[in-house]
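Coordinates in review
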Amino acid sequence: MTTTTDLPSAEPAAPPPLGAVGFARWCWRQLTSMRVALILLFLLAIAAIPGSVLPQRGTDPIRVNDWIEGNPTWGPILDRLGFFDVYAAPWFAAIYLLLFVSVIGCVLPRTRLHWRALRSAPPAAPRRLDRMPEHRTWESSASADDVLDRAYADLKARRWRVARGDGWVAGERGYWRETGNLLFHAALIALLVAIGYGALFGWRGNVIVREGSGFSDTLTQYDAWGGGRLVDPASLPPFAFTLEDFRVDFERGEAQRGAPRLFKADLTLWPAPGAPAEPVVVRVNEPLSVDGAKVFLVGHGYAPTLRLTDALGRVVHNEGVVFLPQDGNLTSTGVLKAPDATPSIGIEGLFLPTAAVDDVRGPHSTFPEADDPAVFLSAWAGDLGLDSGVPQSIYALDTEGMTQLGIEALRPGETWQMPGGNGTVEFVGLTRWASFQIAHDPGKEPALAAAIVALVGLMMSLFIQRRRVWVRASSSGSGTTVVTVAGLARSDEADLAPGVDAVVDALDEGRGTA
Amino acid sequence: MTSASLAEWSNLAVYSSMLVLIAALICFAVSFAARGQRVMTTQRVPVGAGAPMEQTTATVSDPRGPGARAGNVAMALTWLATGLLLLGLVLRGLWAGRVPWGNMYEFSLAWTFGILAVFLVVSTRRDIRWLGLPVVFLALLSLGLAVTVLYTEAAQLVPALKSWWLVIHVASAIICGGAFTVAAAISVLYLWRDRAERKGNVTGIVASLPDAARLDTLSYRILAFAFPLWTFAVISGAIWAENAWGRYWGWDPKETWAFITWVIYAGYLHARSTAGWRGRRAAYISLLGFVSFLINYFGVNIFVNSLHSYAGL
């Protein structure tokens, strides 16, 4: 919108006229004015700020709940106003939708004007060319018609749009500037449509997979899944994979000690039911594309294998338990629930890949690699509450109605006899788990295309200069011809002198007498 | 050369660059003050109405005066300091075996290089020695912060950063950072000069600046170059985010502030062509855009829990 100053939209605001139609026209005029568009732009910038300061439901629901609990007065108020989901809030949508309506209202009439300008000849030369910001005058010995013929041919050859009249030649170029400008704004609208399309037809899920176990792409296998309104969750692409091996390396040098250096997941993939299995590798920055979906490696952790034998001597659990990392050194917490044990057992655990204990922090890990692993277990017996019908997290134990049996620390291979003859727990060994995000977004390619068109249009509208030049030639009455060349910029900051000089050069026999 | 000595050479190059910049700062200050006195007499000389504006100030400074000589020395010193900083960056990259913008210290070095490079590139096209003082001051400030507060030993990258997009996305952000900084410095000078012109009291140091219209045009040209590049940086970041995190836009604080910065500079470009918003208001908007860029860099990296928290602090 860099050249709209000559449009009606730049008029100062007039008081609203009476009548419904008049009022509607007045509103439309206001909304599509550059001033309102500017205000909407700044509102959009300001409205985006709270989402970067407050925790957001979309990315961190746990911190949102903590925040609301920690601020009993403001938490619920802000929550109701949508401040914990800013970018999906109605007021945020209202701003950008109004902005886009304003853009459409501005771009449509300009497209009409530009279309007309593209098909019409450059305007006739003004009578007084010496009032133009850039002009040169000299006397030539050639006839006026010769000079104008030469100017016409020269401008034409250099791809100016040219018109010829009585005693003048007019040239204009740089129409692509406005074309690019309109293209940019149209592409932004297309980008918004593509984002909306992706939100309606796309889906995304997260799943944790232990080494040696598998995943098949159906809704029930996901730990979390969300899809657009027009997605049929029953028809996800039917691929499956198992996580064979997960490798991770950490920085052991002094600088940034403990920072991850390598993540690599080896999978066996079945692209479709019955298809032959193929080994694939997924790394960070190297997702797996399968059947329209993409599988991203997004997290990892440890799954200590715990073997639980109950009071009757039955092995009720003997596999890896997923522990969730709590810090950069992978101090992790996890829960094992064994409702079928006699009695029902629940175990809360703290896993430390490199165990250390001190007075301040208690048990914690000092390095993310399993150099000296240990689990700290707290066993509970009693009702796990799984039959109550209230959904439970598999990573938290509700100890209400349970009695604590005791606590113990175990190294790999060690076994704990739980007090009261309630059975044994053995820390058998370690496996790792990896978490994957699996996503399908049909809007991303159109969004990228729209963004690239917007960028190209933007560069055209900023770097191409819209200029006019005029040449007037008339007989001076003393056998010579007075020639005047002038230029006018139709866009900001156009550099006029080179364009005018080029025309003067083409008519070069006039030089030196300027 | 062992890698440890590479690191020492890199630090040495950065410290030498700072020393040379301090010398350049002093020379720019001398030149600035000297030109301030000179211009008051030459400004009354009428300049042809049709002459291009660039020539107006070219006639203003006497190429043999003490101010001009100090300015020339300052420019030479700035070239030298920029070269030394580039050397420091290259050595740092060789030491780490990757592009030298993997943590906040390195990014600050690169950003400072961007500031100086944008200044020097513009200086090859027109005389902008009057801009040397603020630009070199900002460069020194940024380098000072880098070596004192942000210094981190070079280390390997976390896996999320191991991508070609690190080269493309961050390099474009660095050049934008340099351009935004230089444009902001010009905007401040514009506001100062514009106020003096409105009061009709263009004397003293402010008289050694180009007239307000020229300052306004120069900062516009730099931002008109930086805005598409910033757009590109955001797009390439989105492509990378799609590859690494599974979504191209997730309103991570860094993304949010990149968006806010983009929107503000878009507002600047529109304001410049809207009656009633040109000039001072547009200059304030461009400063707001720069503040938003700074929040995105320092604020988000240090204070906010973001996927982009690679400060290494």
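Chains are numbered independently. Their residues run from 1 in the order of the written sequence. The order in which chains are written sets their letters, starting at A; the order in which ligands are written sets their numbers, starting at 1. Reporting of local features is limited, given that this is a predicted model, to residues whose pLDDT is at least 70; pairs of side-chain atoms are given and counted only at 80 or more, and all residues count toward the totals for whole chains, interfaces and linings.

Secondary structure summary: chain A contains ten helices and 23 strands in total. Its C-alpha radius of gyration of 36 Å places chain A more than 25% over the 24 Å reference for a compact globule of 514 residues. Each of the 514 residues in chain A was classed as buried or not, and the buried ones make up 33%. To qualify as a helix, a DSSP run of H or I must reach at least 4 residues; to qualify as a strand, a run of E must reach at least 2; elements of each kind are numbered from the N terminus. Atoms considered for the radius of gyration are the C-alpha atoms alone. The globule rule reads 2.2 Å times the number of residues to the power 0.38. Once C-beta atoms are placed from the backbone, each residue is buried if 20 or more other C-beta atoms lie within 10 Å of its own, exposed if 12 or fewer, and partly exposed for counts between those two.

Glancing now at the overall build of chain B. Tallying secondary structure elements over chain B gives nine helices and zero strands in all. The linear arrangement of helices and strands in chain B, starting from the amino end, is α-α-α-α-α-α-α-α-α. Across the 313 residues of chain B, 50% fall into the buried class. Here the analysis covers contacts within chain B between residues at least 6 apart in sequence; of these, 80% occur between residues at least 24 apart. Two residues form a contact once the distance between their C-beta atoms, set from the backbone, is within 7 Å.

Time to look at the packing of helix α6 (residues 164-199) of chain B against helix α7 (residues 212-245) of chain B. Residues and elements named next belong to chain B. In this analysis, axes come from line fits to C-alpha atoms, helices being fitted only over the stretch in contact, and the angle between any two N-to-C directions falls in the range 0 to 180 degrees. Interhelical geometry of α6 versus α7 gives an angle of 155 degrees and a closest axis separation of 8 Å. Comparing the axis directions of α6 and α7 gives the class roughly antiparallel. Taken as a pair, α6 and α7 cross one another with a handedness that is left-handed. Three categories are distinguished: nonpolar for Ala, Val, Leu, Ile, Met, Phe, Trp, Tyr, Cys and Pro, charged for Asp, Glu, Lys and Arg, and polar for the others, with Gly belonging to the last. The residue makeup of the contact of α6 with α7, split by class, is 25 nonpolar, six polar and four charged. Every angle not falling under 35 degrees, over 145, or within 65 to 115 is termed oblique; those three ranges are roughly parallel, roughly antiparallel and roughly perpendicular. Helix crossings are classified by the rotation of the near helix relative to the far one: an anticlockwise turn of less than a right angle makes the crossing left-handed, while a clockwise turn makes it right-handed.

Size of an interface, as often reported, equals the accessible area lost when the parts are brought together. Each side of the interface is counted separately: chain B has 48 residues, and chain A has 52 residues. Counting only elements with at least two residues in the side of chain B that touches chain A, the list comes to α7 and α8 (253-271) of chain B. Considered class by class, the residues forming the side of chain B that touches chain A number 27 nonpolar, 15 polar and six charged.

With 166 residues, the main nonpolar core has A24 and V182 of chain B as its most contacted residues. Ranked by residues supplied to this core, first place goes to α7 of chain B with 17 residues. Formed by 24 residues, the second largest nonpolar core is a distinct cluster that contains L148, L155, W160 and A170 of chain A. What we call a nonpolar core is a set of buried Ala, Val, Leu, Ile, Met, Phe, Trp, Tyr and Cys residues whose membership is set by joining through C-beta atoms within 7 Å.

For chain A, the domain assignment lists domain 1 (4-117), domain 2 (128-173 + 465-510) and domain 3 (203-440). The source of the domain bounds is an automatic or database domain assignment. The C-alpha-based centres of domain 2 of chain A and domain 3 of chain A are spaced at 78 Å.

Once that is clear, we can look at the sheet that holds strand β22 (residues 467-475) of chain A. Residue and element names in this part refer to chain A. Any two strands with at least two DSSP-identified bridges between them are counted as paired. Judged by pairing direction, the sheet is antiparallel, and its five strands sit side by side in the order β1-β23-β22-β3-β2 without closing on themselves. Each of the sheet's edge strands pairs with one partner strand only, and the pair in question is β1 (134-140) and β2 (161-165). Shown here is a sheet whose adjacent strand axes are inclined to one another by a mean of 15 degrees, direction ignored. Looking at chain direction, β22 and strand β23 (residues 481-489) are connected through nine bridges and run antiparallel. Bridge assignment links S474 to a residue of β23, and that residue is V482. Strand contacts of helix α7 (residues 144-157): β1, β2, β3 (168-173), β22 and β23, with the helix running at about 165 degrees to β22, the strand carrying the most contacts.

Next up on the list: the domain arrangement of chain B. Residues and elements named next belong to chain B. Domain parsing of chain B yields domain 1 (1-42 + 66-156) and domain 2 (172-313). Listed per partner, the contact involves 23 residues of domain 1 and 22 residues of domain 2. Within the residue set of the side of domain 1 that touches domain 2, elements represented by two or more residues are α1 (3-42), α4 (104-123) and α5 (132-148). When residues of the side of domain 1 that touches domain 2 are assigned to their parent elements, the largest contribution, eight residues, is made by α4. Broken down by class, the residue content of the side of domain 1 that touches domain 2 amounts to 18 nonpolar, four polar and one charged.

Residues other than glycine predominantly adopt negative phi, and peptide bonds predominantly adopt the trans conformation. Residue and element names in this part refer to chain A. The peptide bond linking T342 to P343 adopts the cis configuration, its omega dihedral lying at -10 degrees. Summarising the element assignment, P343 is placed in the loop between β14 (332-338) and β15 (345-352). For D291, which is not glycine, the phi dihedral falls at a positive 55 degrees. Mapped onto the fold, D291 is located in the loop between β10 (288-290) and β11 (293-309).

All names here are of chain B. Under the 1.5 Å per step criterion, the end-to-end length of helix α9 (residues 280-303) is 32 Å for 24 residues, consistent within 8% with the ideal 34 Å. Along its length, α9 reaches its greatest deviation from straightness, about 30 degrees, at I295. For α9, the complete set of buried residues consists of A282, A283, I285, S286, G289, F290, S292, F293, N296, V300 and N301. On the buried face of α9, the contacting elements are α4, α6, α7 and α8. Here, expected helix span is obtained from the residue count minus one, scaled by 1.5 Å. The angle between axes fitted to the seven-residue stretch ending at a residue and the seven-residue stretch beginning at it gives the bend at that residue.

Before going further, it helps to spend a moment on the sheet that holds strand β5 (residues 214-216) of chain A. Residues and elements named next belong to chain A. The sheet built from four strands is open, its strands ordered β5-β7-β8-β9 with antiparallel pairing. Two strands in the sheet have a free side with no partner beyond their single neighbour: β5 and β9 (278-282). Adjacent strand axes in the sheet meet at a mean angle of 30 degrees when their direction is disregarded. Here three bridges tie β5 to strand β7 (residues 240-250), and the two strands are oriented antiparallel to one another. Note on β7: the bridge partner recorded for G214 is T242.

Residue and element names in this part refer to chain A. Scored from 0 to 100, pLDDT reflects the predictor's confidence in each residue. Summing up the model confidence of chain A, the mean pLDDT is 86 and the portion of residues at 70 or higher is 94%. In this model, residues 1-12 is a region of pLDDT below 50 whose contacts with residues beyond four sequence positions or in other chains number 31 contacts. Between residues 510-514, whose pLDDT stays under 50, and residues either more than four places distant or in other chains, the model counts eight contacts.

Quick look at the pairing of β2 of chain A now. Residue and element names in this part refer to chain A. Sheet topology note: the β2/β3 ladder contains five bridges and is antiparallel. Bridging across to β3, R161 finds its partner in E172. Linking two consecutive strands that pair antiparallel, namely β2 and β3, is a turn of two residues; a positive phi of about 85 degrees is found at G167 within it.

Here we come to the environment of H300 of chain A. All names here are of chain A. Within the fold, H300 resides in strand β11. A sequence separation of 136 residues divides H300 from F436, and the C-alpha atoms of the two residues are 8.9 Å apart. Residues in contact with H300, not counting those within four places in the same chain, are F246, V248, F263, R432, W433, A434 and S435.

Next up on the list: the confidence of the model for chain B. Residue and element names in this part refer to chain B. Within chain B, residue pLDDT values average 84, and 86% of them lie at 70 or more. Looking over chain B, one finds the lowest element-wise mean pLDDT in helix α2 (residues 54-58), namely 39, and the highest in α4, namely 94. The model gives residues 38-61 a pLDDT under 50, and that stretch makes 23 contacts with residues more than four places away or in other chains. Our summary of model confidence lists the complex with pTM equal to 0.84 and ipTM equal to 0.86.

All names here are of chain A. Of all eight residues in strand β4 (residues 203-210), six are buried; the element is thus mostly enclosed. Of the pairings in the sheet, the one linking β4 to strand β6 (residues 224-227) comprises four bridges and is antiparallel in character. What sits directly across from G205, in β6, is W225. With eight bridges connecting them, β4 and strand β21 (residues 424-440) associate as antiparallel partners. The partner of V209 across the bridge, within β21, is A434.

Moving on to the environment of N72 of chain B. Residues and elements named next belong to chain B. Of note, N72 is situated in helix α3 (residues 66-96). With 14 C-beta atoms counted inside 10 Å, the residue N72 sits in the partly exposed group. Each C-alpha atom of the pair N72 and S31 lies 8.7 Å from the other, and the pair is 41 residues apart in sequence.

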